[in-house]
Amino acid sequence: MWTFIQDQILGMKWLNTIIGKLLLTAGLDTDSRIGGSIQFFVYDTIKITVLLCVLIFLISYIQSFFPPERSRKIMGRFHGIGANIIGALLGTVTPFCSCSSIPIFMGFTSAGLPLGVTFSFLISSPMVDLGSLVLLISIFGVKIAVAYVVLGLVIAVLGGTLIEKLRMEDQIADFIRNNNSKVDIESPNLTVIDRLLYSRDQVVSTFKKVFPYILLGVAIGAVIHNWIPEGWVETVLGDNNPFGVILATLVGIPMYADIFGTIPIAEALLSKGALLGTILSFMMAVTTLSLPSLIMLKKAIKPKLLATFIAICTVGIIIVGYGFNTIAHLLV
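Residues numbered from 1 in each chain as written. Predicted model: local features only at pLDDT ≥ 70, side-chain atom pairs only at ≥ 80, totals over all residues. Heavy atoms only, no water.

**A word on the overall build of the protein**
(1) Moving on: A count of helical and extended segments in the protein gives 17 helices and zero strands.
(2) Moving on: Relative to a compact globule of 332 residues, whose C-alpha radius of gyration would be 20 Å, the protein shows 20 Å and is just as compact.
(3) Moving on: Principal axes of the C-alpha set define a box for the protein whose edges measure 65 × 50 × 35 Å.
(4) Moving on: Across the protein, every contact between residues at least 6 apart in sequence was considered, and the portion connecting residues at least 24 apart equals 84%.
(5) Moving on: For the protein, the accessible surface area stands at approximately 15100 Å², while carbon and sulfur atoms represent 70% of it. (Helix = DSSP H or I, 4+ residues; strand = E, 2+ residues; numbered from the N terminus. Rg over C-alpha atoms; globule rule 2.2 N^0.38 Å. Contact = heavy atoms within 4.5 Å. Areas by Shrake-Rupley, 256 points an atom, 1.4 Å probe, with all protein chains shown as cover.)

See the structure below:
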């Protein structure tokens, strides 16, 4: 039963079959590079777009119960590592990319929440969300998807805890530290209709921002899947390269995409022989440490704290990558 859900409902294998038949009818051989690339591109674009819209709608409905002020109140009730865990968990029901998370991070920080808690939120928000869990299940299966989410939360909690222990509050930009926005503002009571309209607007808004990166990611995935020799990928990101995880992490950092844009690339790399942990390190680096988000973050925190944040995330991602490569045989 679960295999049917994973393959036919989440994975939409039936859609791939239909697209293949339509291409054959149009005279394209799906076993050729061009035909295979077109099939991969059309299938993955439709599949990810449909899942994206459904998931954003559902997650946004849940998110409507956790506006920033209410989230701040919830996190303010907890202390120590418990607060970091709550901050990381709240990150799973917030925006889908790091650039969208930074303004919320700034608001939490100016509201007086502990620095470590806000960083746990900042790390988990782009790296781990409910949408990524479902998409990962549709491609990699339940074990890998759950392991990715759990380890992503672990990085967020430990990273935030370490930053808290380093006591770097003076590294927050002065305009945030001096912002007296600690006044409690009651969240408006939304009706079911209000929440549905909010969810619809979030689907439209997020789709407009994300769709170009989906197209780019699927296009790259199609090229990798049908044009790049398997031996090349195995040499660079397979068993033969002990530095594959480090390379994948460093390559991912300058890029800008969200989890939805990186998944088709990961899917293609996996089919070509890249190691699972290496692929997941690439995904985590792209979603958490993208160059545009770091430029935005630089306006909110000072260089010492920014360097610490980058170092903690990079080391954590690399450790996760090598760890996944070690236990990958238990997850497939």
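**Concerning the pattern of salt bridges**
(1) Moving on: Inspection of every chain in the model, using the stated rule, returns two salt bridges.
(2) Moving on: A salt bridge links D201 to R200; the shortest N-O distance between them is 3.1 Å.
(3) Moving on: For D201, a relative accessible area of 39% gives the class partly exposed. (Salt bridge = Lys/Arg side-chain N within 4 Å of Asp/Glu carboxyl O. Buried < 20%, exposed > 50% of the residue type's maximum accessible area, 1.4 Å probe, protein only.)

**Brief notes about the packing of helix α7 (residues 115-127) against helix α15 (residues 276-288)**
(1) Moving on: Taken N-terminus to C-terminus, the directions of α7 and α15 make an angle of 120°; their axes are 8 Å apart at the nearest point. Classified by chirality, the crossing of α15 by α7 is right-handed. Between α7 and α15, the contacting residues are I123, P126 and M127 on the first element and M284, T287 and T288 on the second.
(2) Moving on: Tallied by class, residues from the contact of α7 with α15 come to four nonpolar, two polar and no charged. (Axes fitted to C-alpha atoms, helices over the stretch in contact; angles between N-to-C directions. Left-handed = near helix turned anticlockwise from the far one by under 90°. Nonpolar A, V, L, I, M, F, W, Y, C, P; charged D, E, K, R; others polar.)

**Topic: the packing of helix α2 (residues 13-25) against helix α3 (residues 33-63)**
(1) Moving on: Between α2 and α3, the least distance of the axes is 10 Å, while the angle of their chain directions is 140°. Relative to α3, α2 is oriented oblique. The interaxial crossing formed by α2 with α3 has right-handed handedness. Seen from α2, the contacting residues are K13, L15, N16, I19, G20 and L23; seen from α3, they are G35, I38, Q39, V42, Y43, I46 and K47.
(2) Moving on: Residues of the contact of α2 with α3, tallied by class, amount to seven nonpolar, four polar and two charged. (Parallel < 35°, antiparallel > 145°, perpendicular 65-115°, else oblique.)

**Digging into a nonpolar patch on the surface**
(1) Moving on: Nonpolar side chains collect at one region of the surface, where V142, V146, V150, V154 and L158 lie side by side and expose about 370 Å² of accessible area between them.
(2) Moving on: In this structure, V154 sits in helix α9 (residues 142-165).
(3) Moving on: V154 sits in the partly exposed class, given a relative accessible area of 37%. (Patch = residues over 30% accessible without salt bridge, like charges linked within 9 Å, V, L, I, M, F, W, Y side chains within 5 Å.)

**Topic: helix α13 (residues 244-252)**
(1) Moving on: For α13, the full list of buried residues reads G244, V245, A248, T249 and G252. Along the long axis of α13, the arc covered by the buried residues comes to 130°, so they all point the same way. (Arc of directions from axis to C-beta.)

**Digging into the nonpolar core**
(1) Moving on: Counting residues in each nonpolar core, the largest one holds 78 residues, and the members touching the most others are F119, I301 and F309.
(2) Moving on: The element best represented in this core is α9, accounting for 10 residues.
(3) Moving on: With residues up to four places along the chain from it excluded, the contact list for F119 reads F105, G160, I163, I301, L305 and F309.
(4) Moving on: Of all hydrophobic cores here, the second largest spans 10 residues; its members include M75, A83, I104 and V117. (Core = buried A, V, L, I, M, F, W, Y, C linked by side-chain atoms within 4.5 Å.)

**So, the confidence of the model for the protein**
(1) Moving on: Taken over all residues, the pLDDT of the protein has a mean of 81, while the share at 70 or more is 90%.
(2) Moving on: Segment residues 181-186 is flagged for pLDDT under 50; beyond a separation of four residues in sequence, or across chains, it makes 12 contacts in the model. (pLDDT = per-residue confidence, 0-100.)

**What to know about the packing of aromatic side chains**
(1) Moving on: Applying the stated rule across the entire model yields three aromatic pairs.
(2) Moving on: Each ring, one from F105 and one from F119, has its centre 5.0 Å from the other, and the planes form 65°; the classification is edge-to-face. With F105 in helix α6 (residues 98-110) and F119 in helix α7, this residue pair connects regions lying 14 residues apart in the sequence. Per residue, the accessibility class of F105 equals that of F119, and both read buried.
(3) Moving on: Each ring, one from F119 and one from F309, has its centre 5.5 Å from the other, and the planes form 50°; the classification is tilted. With a gap of 190 residues between them, F119 in helix α7 and F309 in helix α17 (residues 303-331) connect regions that are remote in the sequence.
(4) Moving on: Classification of F119 by relative accessible area gives buried; the value is 0%. (Phe/Tyr/Trp six-rings, centres within 6.5 Å; stacked < 30°, edge-to-face > 60°.)

**What about the environment of Y198?**
(1) Moving on: Counting through the fold element by element, Y198 comes out in helix α11 (residues 192-226).
(2) Moving on: Along the backbone, Y198 and S60 are 138 residues apart, and their C-alpha atoms lie at a distance of 7.4 Å.

**With respect to the side chain of K47**
(1) Moving on: Relative to the helices and strands, K47 resides in helix α3.
(2) Moving on: A residue is classified by how much of its surface remains accessible, and K47, at 2% relative accessible area, is buried.
(3) Moving on: Among all residues touching K47, those that are not within four sequence positions of it are L10, G11, M12, L15, I139 and E267.

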